[in-house]
Amino acid sequence: MSAIKNVTVIGSGTMGNGICHVFAQHGFNVHMMDIRQEALDKALLTIGKNMDRQVSKGAITQTSKDEAMAHISTFTNMFDAVKDADLVVEAATEDIELKINIFKQLDEHCKPECILASNTSSISITRIGSYTKRPGQVIGMHFFNPVPVMKLIEIINGYGTRAEITDIIFKLAETLGKVPCVVNDYPGFISNRILMPMINEAVLALQEGVAGINEIDSVMKLGMAHPMGPLQLADFIGLDTCYSIMHVLHMGFGNQKYAPATLLANMVQAGYLGVKSGEGFYKYTPGSKDLVVSERFSGKK
Ligand code: CAA
């Protein structure tokens, strides 16, 4: 574990920048890599703002924020980003071909002892590992959004992941102040095998007119003490991500019960992706925390 000092995170989107935030706050040298410099600049601003939030709440000091920010460097070139890495955490888009391509490059450019982790929410770690010459060092390290807040890291053992690697990642998760849970490599692991069918069922209930958005979300928030209703959570995660995870479950188990709801598929096709596109089940206005049901579902359109 003490051998891990340099951590490279591939992808600077919501999950990637959150993962960088947490590693940097715990003293690791973080290399944040993305293909576009603008994405990296935006991610640095987001990390800074999220740390400011922690400073204003008294959770961290201004000095520890400054130290953490100084631990993060940005890269657009894969070779430079990973050549000194002891651990790489891939947090790119949930697309199997993209991930396979990234892992092939990582295997080529990283030191032989470097551990390769994926933050995938549902794609097989065994399959990703099979495209490298080090499947024993490939593992799932699944963080949850917002990464600085959520306590869980779901650790996924691929078929060939070595026990000592699981052990290192388990202890590392604890060092980050998180609670690790180790699971085996089946579609959706545990988190999304349970969460996504619930979200999909909420979309089906809406599609069938059983209830409206506010009612569906209120039932789950007030009746089951969920911090967000399933439709708000779907918007928060991204409807495209929800759709692709349902697709992985559907294909992986070959069971019709995992078929993505038609309404979910239509919304993704039409570009209504939730918070990131400004509209999903709810409509989002920058700077406003109000939860406003999209006009498409409120009968106003
Ligand atoms: N960085 C740092 N701190 C943050 C933050 C961020 N990005 N986002 C929120 N916070 C902090 C706030 O500062 C606040 O701190 P205090 O408790 O010290 O006051 C705390 O988190 C709560 O935030 P807010 O007061 O702004 O809002 P809230 O009480 O409504 O909580 C929430 C927001 C934490 C997101 C809460 O609604 C929640 O837990 N929602 C469910 C999130 C969830 O289920 N995530 C998992 C999604 S699935 C996934 O990620 C993986 C996958 O595979 C799909």
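If you're wondering where the values come from, they're calculated on a predicted model, not measured in any experiment. (Residues numbered from 1 in each chain as written. Predicted model: local features only at pLDDT ≥ 70, side-chain atom pairs only at ≥ 80, totals over all residues. Heavy atoms only, no water.)

Examining the overall build of the chain
- Along its length, the chain carries 13 helices and 10 strands.
- Across its three principal axes, the chain shows a C-alpha extent of roughly 55 × 45 × 35 Å.
- Sorting the 301 residues of the chain into buried and exposed places 47% on the buried side.
- Averaging the locations of the 27 positively and 30 negatively charged side chains of the chain gives two centres separated by 2 Å. (Helix = DSSP H or I, 4+ residues; strand = E, 2+ residues; numbered from the N terminus. Buried < 20%, exposed > 50% of the residue type's maximum accessible area, 1.4 Å probe, protein only. Lys, Arg positive; Asp, Glu negative; His and termini not counted. Charge placed at Lys NZ, Arg CZ, Asp CG, Glu CD.)

Topic: the sheet that holds strand β1 (residues 6-10)
- With respect to topology, 8 strands assemble into an open sheet ordered β3-β2-β1-β4-β5-β6-β7-β8, the strand pairing being mixed. Of all the strands in the sheet, the pair left with one neighbour each is β3 (72-75) and β8 (179-184). Going from strand to strand, the sheet's axes swing by 25° on average, the running direction of each strand aside.
- Relative to β3, strand β2 (residues 29-33) runs parallel, the two being bridged by 4 bridges. Looking at the pairing, histidine 31 lines up with serine 73 of β3.
- Its contacts with the sheet place helix α1 (residues 14-25) against β1, β2, β3, β4 (87-90) and β6 (138-142), and it is angled at close to 170° to β2. (Pairing = 2+ DSSP bridges. Axes fitted to C-alpha atoms, helices over the stretch in contact; angles between N-to-C directions. Contact = heavy atoms within 4.5 Å.)

Comments concerning unusual backbone geometry
- Residue proline 146 follows asparagine 145 across a cis peptide bond; omega there is -5°.
- With phi around 60°, alanine 225 is a residue other than glycine that occupies positive phi space.

With respect to the site of the ligand
- As a structural note, the neighbourhood of the ligand is formed by 18 residues, with Arg53, Lys57, His142, Asn145 and Asn192 the closest of them.
- In this structure, a nitrogen atom belonging to the ligand sits 3.1 Å away from a side-chain N or O atom of arginine 53.
- Contacts to the ligand include histidine 142, whose side-chain N or O atom sits 2.7 Å from an oxygen atom.
- Residue assignment for the shell around the ligand shows that the elements contributing at least two residues are α2 (37-56), α8 (191-207) and α10 (230-237). (Near = heavy atom within 4 Å. Polar contact = N/O pair within 3.5 Å; in protein donor to acceptor, adjacent residues only side chain to side chain.)

A look at the nonpolar core
- Formed by 34 residues in total, the largest nonpolar core has its most connected members in Phe23, Leu87, Val89, Met141 and Phe143.
- A total of 5 residues in this core trace back to one element, the largest contributor, which is α1. (Core = buried A, V, L, I, M, F, W, Y, C linked by side-chain atoms within 4.5 Å.)

Observations concerning the environment of lysine 83
- Here lysine 83 is to be found in the loop between α4 (78-82) and β4.
- In the structure, lysine 83 is positioned 27 residues away from cysteine 110 in sequence and 5.4 Å away in space, judged by C-alpha atoms.
- Sequence-distant contacts of lysine 83, that is, excluding residues within four places in its chain, are made with His109 and Lys111.

A look at the packing of α8 against helix α9 (residues 213-224)
- Close contact between α8 and α9 brings their axes to 10 Å; oriented N to C, the two are set at 145°. Taken as a pair, α8 and α9 cross one another with a handedness that is right-handed. Between α8, through Met198, Ala202, Ala205 and Leu206, and α9, the contact on the second element is made entirely by Ile213, Ile216 and Met220.
- Per-class residue counts for the contact of α8 with α9 are 7 nonpolar, no polar and no charged. (Left-handed = near helix turned anticlockwise from the far one by under 90°. Nonpolar A, V, L, I, M, F, W, Y, C, P; charged D, E, K, R; others polar.)

Brief notes about the packing of α2 against helix α3 (residues 62-70)
- Where α2 contacts α3, the two axes come as close as 10 Å, and the packing angle between them is 160°. By the angle between their directions, the pair α2 and α3 is classed as roughly antiparallel. The two elements α2 and α3 meet at a crossing, and its hand is right-handed. Between α2 and α3, the contacting residues are Leu44, Ile47, Gly48, Met51, Asp52 and Val55 on the first element and Gln62, Lys65, Ala68 and Met69 on the second.
- Class assignment of the residues belonging to the contact of α2 with α3 gives a composition of 6 nonpolar, 2 polar and 2 charged. (Parallel < 35°, antiparallel > 145°, perpendicular 65-115°, else oblique.)

Concerning the domain arrangement of the chain
- Parsing the chain into structural domains produces domain 1 (6-184) and domain 2 (192-293).
- A separation of 26 Å is found between the C-alpha centroids of domain 1 and domain 2.
- Counting from both sides, the interface comprises 7 residues of domain 1 and, opposite them, 6 residues of domain 2.
- Carbon and sulfur atoms make up 56% of the area that domain 1 and domain 2 hide from each other, which totals about 520 Å².
- It is Ser121, Ser122 and Asn145 that lose the most area in domain 1 upon contact with domain 2, and together they represent 62% of the buried surface on that side.
- For the pair domain 1 and domain 2, the interface holds 0 salt bridges.
- Remark: the boundary between domain 1 and domain 2 carries 1 residue pair in polar contact (both at pLDDT 80 or more).
- Broken down by class, the residue content of the side of domain 1 that touches domain 2 amounts to 2 nonpolar, 4 polar and 1 charged. (Domains from an automatic or database assignment. Buried area = accessible area lost by both parts, 1.4 Å probe. Salt bridge = Lys/Arg side-chain N within 4 Å of Asp/Glu carboxyl O.)

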